[in-house]
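Secondary and tertiary structure notes
Okay, here's what each chain looks like letter by letter:
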Amino acid sequence: MPRSTWTAGRRGALLGASAAVVCATLTACGDTGGDSYAAVGPPRPSATAARPTGSVTLVPLDAPTPSSAVSKSPDGEGTSASTPAAPSPAGAKSGRSSAHSPAPTPTAASTTAPSTPAALSWGAPARKATAHRWCEDVTLAFRNSGGTAVRSGTVTFGTHIIGALGIDWATIESTERLPVPIAAHAHTDKTWTVCVDAWRVPLGMHIETRDVSVEWQ
């Protein structure tokens, strides 16, 4: 047998065998007692919806109980929105204070420093002669450097009787009242006319008030 005739016969046998296999497959899948059809492509949906047959009762499902409304953000996640809480009963107080509630006023501490006692000082007496040789005007300057006013006090003068030759014959004391009150951190001046007995200062003699002592409260 020539080569070309043998090749053609082989091809024919292969084609026949393949057709037999396809036919057998179609027959096995589509044989329902009548004509056989081969299914090509995906199955088409039925045009008629399925309906219940017999005695069937349709019961609707219960509606869900509303608990909290959850909204979704654009990215699909739920937000923290929930059902508002019931109002508090009358007379109930919240534990959160109002933003406008005034803050408690702290007890103001006393800023006044305790006062210090009076501290009186004075200068040397300034003397001035008068028309009488047994009298002279004496001026004193007082200063209170303390924190309390001077309320009372006395000043005592020591007046010296000086002879014509400068001899100090005697010292006579006299007492006067202070010019009170003298306020704290204040100063004041006072002039007194200090005199001794006229017979103590004969002609040619004079007086000098040199000594000063002060008592004050």
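What comes next concerns the included structure. Please read these numbers as outputs of a predicted model, since none were measured by experiment.

On to the overall build of the chain. Tallying secondary structure elements over the chain gives 1 helix and 7 strands in all. Ordered by position from the N terminus, the helices and strands of the chain form the series α-β-β-β-β-β-β-β. Looking at the chain as a whole, 16% of its 217 residues qualify as buried. Across the chain, contacts joining residues at least 24 apart in sequence account for 66% of those joining residues at least 6 apart. Split by element, the accessible area of the chain, about 17,400 Å² in all, is 58% carbon and sulfur.

For the rest of this paragraph, the subject is the state of the cysteines. In the structure shown here, the tally under the stated rule is 1 disulfide. At a sulfur-sulfur separation of 1.9 Å, the disulfide partner of Cys135 is Cys195. Given an S-S torsion of about 120 degrees, the disulfide between Cys135 and Cys195 has right-handed geometry. Of this pair, Cys135 sits in strand β3 (residues 135-144) while Cys195 is found in strand β6 (residues 186-195), placing the two residues 60 residues apart along the sequence.

Let us look at the packing of aromatic side chains. The description of an aromatic ring pair uses the distance of the two centres, along with the angle that the planes make with each other. Per the stated rule, a full pass over the model turns up 2 aromatic pairs. When the centroid spacing of 6.3 Å and the interplanar angle of 90 degrees are considered together, the rings of Phe142 and Trp192 count as edge-to-face. Of this pair, Phe142 sits in strand β3 while Trp192 sits in strand β6, and the two are 50 residues apart along the sequence. Judged by its relative accessible area of 2%, Phe142 falls in the buried class. Since its relative accessible area comes to 7%, Trp192 is described here as buried. Clustering of aromatic rings is evident, with ring pairs tying together Phe142, Phe157 and Trp192.

What counts, and at which threshold
Residues numbered from 1 in each chain as written. Predicted model: local features only at pLDDT ≥ 70, side-chain atom pairs only at ≥ 80, totals over all residues. Heavy atoms only, no water. Helix = DSSP H or I, 4+ residues; strand = E, 2+ residues; numbered from the N terminus. Buried < 20%, exposed > 50% of the residue type's maximum accessible area, 1.4 Å probe, protein only. Contact = heavy atoms within 4.5 Å. Areas by Shrake-Rupley, 256 points an atom, 1.4 Å probe, with all protein chains shown as cover. Disulfide = S-S within 2.5 Å. Phe/Tyr/Trp six-rings, centres within 6.5 Å; stacked < 30°, edge-to-face > 60°.

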